[in-house]
Every structure is written in structure tokens, then in C-alpha cells.
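# Inside the fold
Residue strings, one per chain:
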Amino acid sequence: MTQISEMQEYFDRLWPLHRSITGEGLRKSLRILKEIIPLNLSEVASGTQVFDWKVPMEWNIEDAYLLGPSGEKVIDFQQNNLHVVNYSEPVNCELSLDDLNPFLHSISDQPTAIPYVTSYYKSRWGFCLSENQRRSLVPGRYKAVIDSTLHAGSLTYGDCVVPSTENESREILISTYLCHPSMGNNELTGPLLSAFLYRKLAAQKVRRFNYRFVIAPETIGALAYLSKHGEHLKKYCHAGFIVTCCGTDDDLTYKRSRRGDATVDRCTEHVLKYFTPHIQTNYSVVDFFPEGSDERQYCSPGFNLPVGSLMRAMYGTYPEYHTSLDDKDFISLPALVNTIEVYMKTVQAIEANHTYLNTKPYGEPQLGSRGLYPTLANVRERDKQLKLTMYILNFSDGEHDLCAIAEKAGAPIWELYPIAEKLRERDLLRRISTSP
Amino acid sequence: MTQISEMQEYFDRLWPLHRSITGEGLRKSLRILKEIIPLNLSEVASGTQVFDWKVPMEWNIEDAYLLGPSGEKVIDFQQNNLHVVNYSEPVNCELSLDDLNPFLHSISDQPTAIPYVTSYYKSRWGFCLSENQRRSLVPGRYKAVIDSTLHAGSLTYGDCVVPSTENESREILISTYLCHPSMGNNELTGPLLSAFLYRKLAAQKVRRFNYRFVIAPETIGALAYLSKHGEHLKKYCHAGFIVTCCGTDDDLTYKRSRRGDATVDRCTEHVLKYFTPHIQTNYSVVDFFPEGSDERQYCSPGFNLPVGSLMRAMYGTYPEYHTSLDDKDFISLPALVNTIEVYMKTVQAIEANHTYLNTKPYGEPQLGSRGLYPTLANVRERDKQLKLTMYILNFSDGEHDLCAIAEKAGAPIWELYPIAEKLRERDLLRRISTSP
Amino acid sequence: MTQISEMQEYFDRLWPLHRSITGEGLRKSLRILKEIIPLNLSEVASGTQVFDWKVPMEWNIEDAYLLGPSGEKVIDFQQNNLHVVNYSEPVNCELSLDDLNPFLHSISDQPTAIPYVTSYYKSRWGFCLSENQRRSLVPGRYKAVIDSTLHAGSLTYGDCVVPSTENESREILISTYLCHPSMGNNELTGPLLSAFLYRKLAAQKVRRFNYRFVIAPETIGALAYLSKHGEHLKKYCHAGFIVTCCGTDDDLTYKRSRRGDATVDRCTEHVLKYFTPHIQTNYSVVDFFPEGSDERQYCSPGFNLPVGSLMRAMYGTYPEYHTSLDDKDFISLPALVNTIEVYMKTVQAIEANHTYLNTKPYGEPQLGSRGLYPTLANVRERDKQLKLTMYILNFSDGEHDLCAIAEKAGAPIWELYPIAEKLRERDLLRRISTSP
């Protein structure tokens, strides 16, 4: 089975589940992903304090519908689980169209889109429908039924650490969120990318860093995770990514970490610059801003983790965002596969980004006597190798990491890394440790 | 009486007085301004050493004229007090036109302008006249009479402090100069702006900072003031302005303090960016340079105070500068009122520019449970409030003051300040102290 | 004799010598230059370790030729000493054209150029010839004769220090290389410029700094020099230049030191900005990169000396580079004289670049009472002098050197320097010491 058809299958299984920030839809979804990535599932009891928040009651839903004046189902949750306001309290009542109206949500200038509406922390109920559906509602008596429950249960998240093969204590964080019902780019592409990225990383023979994967409901899940692992991450998180909105054909977007010039920022921007031409994709870079997704928590001032976000079209910038139009047709699995490739290239760049120290810093070392003078037949390639060798030796002064040297040399880090390692084998360089 | 007609009245009373850096013209002018701003007048005796300078003899003048060959007054000080070189020694002599010529000052390419010429520190006498007047002088014997006196008197300046209502020891300095005879933009607009700005600030119920107003003759007056209050200002001056050239319809100009990025610089530029569109005025910003007005003293390297200058058309950049053409018609009192408004907005921005510390820096605080989640009916306004709330909380890490956060958020500080204060009331922020 | 005809004479005497990185050709060349600059010649024995390198055997060559099938000389070293691979081991053998081919070097897309090829550290022999010559070789037996010797001799370099007249211990380094056989821009223009620059500097009555001139073979010579004087230079080198490629009509190029903002960088760029308009030459500035010439050694991370390179067309950027086309016709002695002028202006700027401290930093000092108020008849010139005086006084706070102040004032340092010195004579400034 190809990667894409396997992805398609997982996508199709995950798609219809009734997810929210707690509940069985979320648990089932995590269990499906466990087939790809060996997540440890944790439960955080309703009422647990996480920083300034309390984990809410667990929400589950069986069915929901709206019967029209003539008894037909005018809205049916079974057809699209966006039809109900997420976290709706149970309801079973009759009311006139006028009385019903405040409980209905549609988008007047997107007549075919069902909006995604939630109300986690305030008791409410409601139905979401397209503006077209809404306009077709005739006056009369309606029956609203929402068969949901709210009880003292728990919030579920999954995590998993792929260990470093080099005894390194630092980690690269790959965090994504899972709580939206049937929507594609935001959000199923995030967990799918994470799971398949896990598979690639776990298959690597050598991993310099530990890789921590987190799949949790947005905001409250990230907070719950940070309340347990935040101090650890402050100490060991070397670089991290919030994975979201990564499965459309749009250009790539990198949203910087709050630090702005952390290793994750410099390496990601370096890869975007040198790698995207190979995949015929443009990209843009935006500074951190305290809106968006879970970077709001990871990059809150108390944590300020070096966590960025590598996306395609960013949340909030496309009209299908948070509506039923963000569906299977809207996303592109080949684009998602492509994004995984960019992620892989980026984490490899972070792995390669050592800071070396030239052990013979007085004058140039003699390359010829060490067999290090490039001897390729291709003159152009030989000159380039020699040039990169010179850049690496000259700037390995402890103040430039390999990514910084690559930027100076105007060449990708993956061309410098093998040269640097050869110089290291010949004892012309040694690695020194640095901070993100 | 409207503000403009009141200003007009003061302008008309101040206009004809025979001002110089010392003397009765200066004293009378200060006494008129005292009707608006309760200045304490100080006298510094002639001969007093102020840093590298000595306060010169006091100069007073009763009359001056030049009689032509046929006995008529060809130049008459009573018609325009620019006709005599400021600080001219007394003279009463007859001489030929040829001998007179070295004592005459005109501007060849501005035929209708009487130039403003001074000679404070070198004994001289002379007449200033328009090039047209000069050309009409016929050969013959002239009688030059200057009825002036130079005696060991004193230099006068006025100051006044409007106290902080919050027990703050830091000050905002508003310094302007008064020594030019009948000229409008440079300089009567400066003292008028200061006096009316005083009135507005004194009327405020709350003032975070103390406001120190200084009205002194240019250069020697600023030096005399600094010789007495310089050490105090080095300690307590949080921000300051040299008020000059602020009453024409031209675009605004902000000349930065020598520090370049002091609070006064960042706040003034922020206000110019966000406020000038509301008053249909453009603006430009120039770096500090050691020419101009009293910033030469306040920003001398030993003091280096955070003092900028917010003007309309800057001194030296318009042809009417330092001539009789800088008259009542040249200035615009509505423009002056407008400039006062910009000054008010700017000092309010400096007052609002607290540095806050997020007291719940781990993750976002929960706004809803605190009633802080914006609930405005207008969605766009609500989203904006929420966005600004997020910016304030995220960047209140002790390293960004509110002006810096406003710049990051792309919104004016006066929209952020009420939100920040609401967050402070709910104990999500606390203020910390910083330096300019 | 004019400077240019004298240069021409030296050029013609140096041109034909059989130079390499060691040997009699190098020694003879240095002895000729000694007629202009009193170099101390040093010998470094073959086999001496210099950092990571060993001084190679000394190479000398008497003759070399290739006899064709009919016995005629098809390549003759006496006609052009580029015809033999520099450092060729001796050879005397007969071989077919096919067997000969691997020992021949030409450039296919430059059919008239003999390439410059060396093999210092690997035993080899070979002939260089134009592509046209190569194409005319007919099949048959060839006789290859290279009458060279390699023996344990020594490497020769020359140096010379022109002492400061002010007891200053810091130095300005002027380093150039000498090892290329008959080529003009790279490299005879370098030693010629250095020698004639010496003459100008030695003739000056006052020299703030010591001037260290170094003429050594490229790379190994610089390494040998640094192994003896590197620690001294780390301590005392205030600014330095690698002199090369300075005799064509092209625009000037300044390659920055590795530090990028050292005194040498700021002063050279300042001079290029303000002086090149006077000599109708454009210029460009490039950041340091670890390729090129002896800056590779002087700016290796262990030394990181403040050494830049002021050139015309940079090595590697013109097609004649490292071929027989870089000949007498390619260079321009008037351009070389011009480049010397720019060097002189630059070292004068470095000499003038004092850091002054305003001794009366509180307010402006009174210029008039000290006779420092400019009294020039030309108003524009007087205003400029006054402006520069104000800039110097205001920014002489210990954090701006004169070059930085000149950049702020938008005027060349040579206009500020006499003013600064006059202020110093009047005790308004004093010099303080700083580091490069």
C-alpha cells in the first residue's frame, strides 16, 4: 500500500468521529493513531486544575437533530457532526422558529458552509447550519433534540518519545492537536503528519535528539500537558513545532517561535530557503504573534519554548477555515506528503546543526597532507567542496553553528555537514555544546 | 472666549515687546505668560559663571533709528524691533553711506525681509533692513542713533512644576525659549504652546509624572537653568521636549533625542504614526544632530537627557526663518492648537507606557471565568479586543513596555492601555518600574 | 624620472624572473625591491614546521622545453616562464603525444591563454600551453626537458617596520605576496604598490603608528611570517591590508576584515565613500570570505586580525586571472598610482581616527571667547566648520571615534580632523585610547 493510500484510509476512519476536547470521539481517534505511533494515552480528570484553567466535564454525544414543522429532520447530526455546537448541553424541546433562531449559527456571506462553533466553558446548546439551509426554514414549531451528556470524566491525550541514539538529553517537540470534528486541513492533517513523521523518525538508525510527540486537544490539552511536562520541556526542549494546517496545495508558512532567532527558527528558514526550490513551492515567514494554536501556550512568557509552526496556508487566512468546507476535497494528500518531507529535511537540519570548534585555528590547516583536498573530477564541484571546507574551518570559532556558516557560504547545511564530519574525523574540528 | 481668540490676544500682547536674552522685554513677556502658567521667575546676575559661559550684561533698548541725508527716518526701530542688531551697544553718530554700510544687514536674495541679527558676546552695533530698503538709500550723511544700555543686571527665566498625583519622582520636561523679538513661528508659538499645554495638564485629575515647564532665553538661559537643575534632571527627567516652531500648517517633524530610542522617542513616534492620520497631517522623523535649539544643551554629552523636539516645519528649513517674514500672517493658530493636541496625546502615551508583568505567565490565563473575554456585540471590535488582550498578556514579560507591545500588535497604545488596566485590576498584570 | 617611469622600470626588471614560493627567482625579486624599501630578508629552512605546514624543499629552475617530433622547440620556458608547472620536478624523457597529454595544461575556452599551474606539495611535472598551441601538436615522439632542482634550502621573505614618530606601539600592517612568475595584476602590482607606499610613508614627518611591511610568498610565506610574528600582531596590529590586484582600471573593491566593523573597515569604507568621487572611480565592498589570498591566514580564527584588502578587480573575477593574459598590457600604471593614493588617504584616515573626549561635556563650550567661532568670509564654509565643530564636541563622549562622528556629520574625516585638533589645542578635547 502506498503512503498516500494508507493515509487516505486513516483519514477516512478518523473523519466521521465525533471529536471534542474530551470524550469518546477523542479517545477513539487517538486509538486509531496508535496503530501508527505508539502513543501513551493519559487521562486527566474533570476538575483538575491546570495552571489557570480547570479541565471541564467530559462531553459525549450520541445524536442530534432538528425536526421541522412537518416532522422531517431539517438538521441531522448524523449527516455532519458540525451541525451541533460542540459541547452542547442535552436538550429536547419544542419551540417556534423565532425562539429557535438564537440557537442557530450560520455564516451569511458563505451560504453553503456550516460553521464550526464551540462552547466549552459556558453551558449552551445550539445548531450550526448553512445559510442556505437556514433560509429554507419555514415558520412553525420545531423540535430540537441533542442527545449529549456531560459528566465528571476525563480529558485524554497521547504522547510518545522516540529516544536519541546518542544519549542526548535534549528533545525535539512535535505537538499537534486533536479535538475538531469532521474537518480536514484544520485539523486532521496535523495528527496524520505527526504520525507519519513519527514512523520516518523511528525508522532512522541514528537520531541525535529525542523526539517527543504530543497529540492533545487544543489549548486545554496543551495546558494539561505543560502542567505535567512543562518544567521538563523548559530544560530539554531544543526545538519544537506545532503541527497544523499542513495539507493543502498552498505555499508553506513558517511562524517563528516567540524567541524569533532560536535554532528552530534559523534552521527552518534555512531549509525553506534551500529546499523549497526543489519541491516547486514558495514560502513565507511570519513573526510570532500570540494568537493561533498551541504556540499560545508553549510560547507563553513563562515557558517561552523555542517552538515554531510550519504550515501550508495558515489558520484564519482561508475562507474554508473552521467550516464544513474544510473537507476531504479541500485537502491534498500529496501536498501533505510533501510537507512531511519538508519537516524531515528540517529536523535533519537541526540534527546536523552542530557547533564545531576548529582545533587548528592558527592559519589554515594543510588539507593536502591529510587527504582532505577535494579531488573530484568535476572542477565546479571540487571548487565548491573546497570553498565549503574553507568556510567551515574559518568560521568554526565557537560562535557560529553550522547553519550560520551555511548561510554565510550561501549553501545548504546538508552540503556542509558531510564535509564538517570528515574534518572532525581528521581531528580538525571538534563539537562543542550550545543552547537553543 | 475660545482658546484661539485667547491665544490671539496673548500673541498680540507679546508680539511688540523688545525681547532679548536679558532685559525688560524678556521680563515683561514672562509676566504676561504668568497669567496662564504660574511661573517662578528667577534672576541670574550678569557675570555669573554657567558652565563654560558667563551671563552677559543686561541689555535694554528704548529707541533706535537712522536719519537719512534729508533728515527723514529711513529706519525706525518703533516700526519693527528687528531693525536693530540685538544687543547693539549705544551709538549716536554721523557717517557717510560708505562708512555706514558695514553696519547694515540685509539679505540680498530676500528683498523684502528684515533679517534677525544678534551679537550677544561681542560688542557691536548695527541696523537690519530689507534689501529693498537698502537699495533705496542715497549717498550722503546719515545719523545713527541707538538708545540702548548694557549694565550689570541679570538674566531672567521662569519655571514651574505641576506635581504628579501619584507620588512619582520622575518628571516630564517641557522646555521652550523666549528671547526673540517680534517673530511668530520661531519663537512665540513655543511659549504659547507651553503655557496652554500647562493649562491642560494642570486641569487633569491624574498625572503619573511631574511636569516641569521651563521658559528661558535660548542657549544661555538653558545653560543657566541646567547649571542649577541639571543634576536633578539627570536623575529624574523621564522624557522631555524642546518646544519650538510649532505653529505653521506644515507637516510635523520629530527630532529624536540624542539617545535615539528613549521612551520619549518611541512614544512620540508611536503617537505620530497612529494619531496623525486622525488630524490629516503627515510627519517625518529626524535623528538628533547637535545644531538647532536648546537640545544642544540638554543633549550635550554630559547631560544626554532623553529630550526630543516635536515641531512643525523645523528651524532653518523655511525661508521666513529668522526674518521679519516670520510674522502674524506666517503662523496659524489653528495649527498651533492642533500641535498642542499632538503634545497632549504624546504625554498621555508616555503616562500610559507602563511596563507590566504577567502574573500568570504559564499558559494563557482563562479570561472567560474572570469575565475578561470580550463580549461586545460588534464582532470585529470583539476580535480586536481579544487580540490586544493576548498581545498584552504574552509580551508582558518585563522586557516590553506597553508602547513596544502596541507596536507589535499594530495598534495605538491608547487602545491597549484600558485593556491592560482591566487586566491589572483582575491581578493578571502588575506594574514594574523601569528607566527611560 | 617620474613615478610612473620608475615603476615601469622596476616592473620590467621584476617581470622575467622565475619566481616561485622559494628559490633564487624570489630572492632576486626581493633584492630588487630592496632598492625602494629596506627589507630585512629572512630565510626559513626547508622542513621547518609552520603551524600545520612544513616549508617545502627549495625549487630552482634553469630551463625547460618540449621538443616536437621534428626536433623543434614546441614549448620554450625561455619565452614564457608560465610554460612549466611551478615546482615541477626535473624530467628528461621521450614520450608519445598520447603519453604526454596528461602532463599538458591548457584552458579550452581561452585558446590564447597559458594557464598558471602549481604543485608545491605533491611531486609532479608538467607543461602549460595555450589551447591553440596544444591543438597544433602533431602525433609523434616528444622530448620533455625540465632542468629544475629541489633541495633542502629555504624560503625567503622580507619585512621592514617604519617606526611611529609618536612612540605608539600599535602597527598598521601592509602585507603583499611575491611568488608568481610573469604575471602583472596578480601579482607584481602588489609588491610595487607596497614598495612605493613605503616610500611615501617613510617620507612623512609624522606617523602616528608603526608601519609593518611584509613581502612573502603567498600562503606558506604568510604562515611562516605569522609563526614568528603572529603573537606580536595579535597584540599590536591596529589595522592591516593585504595588497593585491591593484593595478587595473577597474573599480575599487574593498574586502572587509573577518571582524567586519574593525577600524580598518570603517575607515576604508569612509574613505571610499568620500574620496573616490574625487578620482572618478566607483567602488564596491564585500564581506570577508575565507577564500582569496593571505587574509585566509591573517584572518584565520586563531588570529582574526583586523586585516582587509583594498583592490581593483578582485582575484578570480576577471578572465585574465592566473593566465599569461595578465600581462604588461593588462595592467595600468596610472591606475596603480591612483590606488596608492587611495591607500595613502586610507592610512591617513586611520591615523586621524582618534577617539576624543569632550572635557567640557555639560552644555556647549563657548567658542567665541576662545577664538574658535569660525570667522571665514565664505558663509557656507563658515557654517560647515561650525556644524562640524558642534558634531565633534557633542559626540566626543568616548563612544564615537572621529570616523563615526564624520559619518554622522556626513563629511570626510579629513575635514573634521583639523577642527578636532584645534579643539584639542584649546583643551576642549583630549584623546583617549581605544582598541581596533
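These numbers come from a predicted model, not from an experiment. (Residues numbered from 1 in each chain as written. Chains lettered and ligands numbered in written order. Predicted model: local features only at pLDDT ≥ 70, side-chain atom pairs only at ≥ 80, totals over all residues. Heavy atoms only, no water.)

Taken over all residues, the pLDDT of chain A has a mean of 96, while the share at 70 or more is 99%. In the predicted complex, the global pTM is 0.94; the interface-specific ipTM is 0.95. (pLDDT = per-residue confidence, 0-100.)

What follows covers the sheet that holds strand S9 (residues 141-151) of chain C. All names here are of chain C. Within the open sheet, the 4 strands sit side by side as S5-S4-S9-S6. Their pairing is antiparallel. The strands lining the two open edges of the sheet, one partner per strand, are strand S5 (73-76) and strand S6 (91-96). This sheet shows a mean twist of 20 degrees between the axes of neighbouring strands, independent of strand direction. By the bridge criterion, 9 bridges tie strand S4 (residues 58-67) to S9 in an arrangement that is antiparallel. Directly across from Asp63, in S9, lies its bridge partner Asp147. (Pairing = 2+ DSSP bridges. Helix = DSSP H or I, 4+ residues; strand = E, 2+ residues; numbered from the N terminus. Axes fitted to C-alpha atoms, helices over the stretch in contact; angles between N-to-C directions.)

Here the focus is the domain arrangement of chain A. Residue and element names in this part refer to chain A. The domain boundaries assigned to chain A delineate domain 1 (3-56 + 154-352), domain 2 (61-151) and domain 3 (355-432). Taken together, the 11 residues of domain 1 in the interface contact 13 residues of domain 3. Taken together, both faces of the contact between domain 1 and domain 3 bury some 1,000 Å²; the carbon and sulfur share is 59%. Considering only the surface of domain 1 that becomes buried against domain 3, His270, Tyr274 and Ala352 emerge as the three largest contributors, covering 54% of it. (Domains from an automatic or database assignment. Contact = heavy atoms within 4.5 Å. Buried area = accessible area lost by both parts, 1.4 Å probe.)

Moving on, we come to helix H12 (residues 413-425) of chain C. Residues and elements named next belong to chain C. Compared with an ideal rise of 1.5 Å per residue, which puts 13 residues at 18 Å, H12 spans 18 Å between its outermost C-alpha atoms and is within 8% of the ideal. Among all positions in H12, only Ile413, Leu416, Ile419, Ala420, Glu421 and Leu423 are buried. Looking at the buried side of H12, the elements it contacts are helix H7 (263-275), helix H9 (333-352), strand S17 (355-358), helix H10 (379-395), helix H11 (402-409) and strand S18 (429-432). Just beyond H12, the residue with positive phi is Asp427, at close to 65 degrees. (Expected span 1.5 Å × (residues − 1). Buried < 20%, exposed > 50% of the residue type's maximum accessible area, 1.4 Å probe, protein only.)

It is worth spelling out the relation of the copies chain A and chain C at this point. Two copies of one chain are present, and they are related through a rotation about an axis combined with an axial shift. At an RMSD of 0.1 Å, chain A and chain C line up after a rotation of 120 degrees and a shift of 0.0 Å along the axis. With respect to symmetry, the two chain copies, as superposed, fit the operation of a three-fold axis. Taking C-alpha positions as the reference, the residue of chain A nearest the rotation axis is Asp261 of chain A, at 13 Å. (Least-squares fit on C-alpha atoms with pLDDT ≥ 70 in both.)

The next thing to look at is unusual backbone geometry. For Asn167 of chain A, which is not glycine, the phi dihedral falls at a positive 60 degrees. With respect to the helices and strands, the residue Asn167 of chain A is situated in the loop between strand S10 (154-162) and strand S11 (171-177). A relative accessible area of 78% places Asn167 of chain A in the exposed class. Phi at Gln280 of chain B is positive, roughly 50 degrees, even though this residue is not glycine. Tracing the backbone through its elements, the reader meets Gln280 of chain B in the loop between helix H7 (263-275) and strand S15 (283-286). The class of Gln280 of chain B is exposed, set by a relative accessible area of 71%.

This part covers the environment of Arg170 of chain C. All names here are of chain C. Here Arg170 lies in the loop between strand S10 (154-162) and strand S11 (171-177). For the pair Arg170 and Tyr211, spaced 41 residues apart in sequence, the C-alpha separation works out to 8.8 Å. In this structure Arg170 touches Arg208, Phe209, Asn210, Tyr236, His238 and Thr434, once residues within four positions along its chain are discounted. A distance of 2.9 Å separates the side chain of Arg170 from the side chain of Glu168, its partner in a polar contact. (Polar contact = N/O pair within 3.5 Å; in protein donor to acceptor, adjacent residues only side chain to side chain.)

In this section: the interface of chain B and chain A. Contacts between chain B and chain A engage 16 residues on the former and 19 residues on the latter. The largest contributions to the chain B side of the interface with chain A come from Tyr362, Glu364 and Gln366 of chain B, which together make up 43% of the buried area. Of the charged contacts, one joins Asp52 of chain A and Arg370 of chain B as a salt bridge, the two residues approaching to 2.4 Å between their closest N and O atoms. Put simply, chain B and chain A have 12 residue pairs in polar contact (both at pLDDT 80 or more) between them. Broken down by element, the side of chain B that touches chain A gets its largest block of residues, 6 residues, from helix H10 (residues 379-395) of chain B. Counted by class, the side of chain B that touches chain A contains 7 nonpolar, 4 polar and 5 charged residues. (Salt bridge = Lys/Arg side-chain N within 4 Å of Asp/Glu carboxyl O. Nonpolar A, V, L, I, M, F, W, Y, C, P; charged D, E, K, R; others polar.)

With that out of the way, let us pick up the packing of helix H1 (residues 3-14) of chain C against helix H5 (residues 184-202) of chain C. All names here are of chain C. Between H1 and H5, whose axes approach to 11 Å, the crossing angle comes to 130 degrees. Between H1 and H5, the interaxial angle falls into the category oblique. The two elements H1 and H5 cross, and the hand of that crossing is right-handed. The residues of H5 that touch H1, namely those facing Gln3, Glu6, Met7, Tyr10, Phe11 and Leu14, are Gly184, Leu188, Leu192, Phe196, Arg199 and Lys200. Of the residues in the contact of H1 with H5, the class split is 7 nonpolar, 2 polar and 3 charged. (Parallel < 35°, antiparallel > 145°, perpendicular 65-115°, else oblique. Left-handed = near helix turned anticlockwise from the far one by under 90°.)

In this section: the interface of chain A and chain C. It is common to give the size of an interface as the accessible area that goes away when the parts come together. With 16 residues of chain A at the interface, the matching set in chain C holds 19 residues. For the chain A and chain C pair, buried surface summed over both sides reaches about 1,600 Å², with 52% attributable to carbon and sulfur atoms. A per-residue breakdown of the area chain A buries against chain C is headed by Tyr362, Glu364 and Gln366 of chain A, which together make up 43% of the total. Counting the contacts that link chain A with chain C gives 12 residue pairs in polar contact (both at pLDDT 80 or more). For the side of chain A that touches chain C, the leading source of residues is helix H10 (residues 379-395) of chain A, giving 6 residues. Within the side of chain A that touches chain C, the residues separate by chemical class into 7 nonpolar, 4 polar and 5 charged.

Formed by 139 residues in total, the largest nonpolar core has its most connected members in Phe127 and Tyr298 of chain A together with Leu197, Phe213, Phe241 and Ile392 of chain B. Leaving out residues up to four positions away in the same chain, Leu197 of chain B has contacts with Ile174, Phe213, Ile340, Tyr343 and Met344 of chain B. (Core = buried A, V, L, I, M, F, W, Y, C linked by side-chain atoms within 4.5 Å.)

Here we come to the sheet that holds strand S15 (residues 283-286) of chain C. Residues and elements named next belong to chain C. Read across the sheet, 8 strands follow the order S1-S10-S12-S11-S13-S16-S14-S15 without closing on themselves; strand pairing throughout is mixed. Each having just a single partner strand, strand S1 (40-45) and S15 make up the two edges of the open sheet. Direction aside, the axes of adjacent strands within the sheet are offset by 20 degrees on average. Where strand S14 (residues 252-255) lies against S15, 4 bridges are found, and the strand directions are parallel. Bridged to Leu252 within S15 is Tyr283. Each of S1, S10 and strand S12 (210-216) is contacted by helix H2 (residues 24-33), which is oriented at about 15 degrees to S10, the strand it contacts most. On top of the sheet, H5 reaches S10, S11, S12 and strand S13 (237-243); it is set at about 150 degrees to S11, its chief contact.

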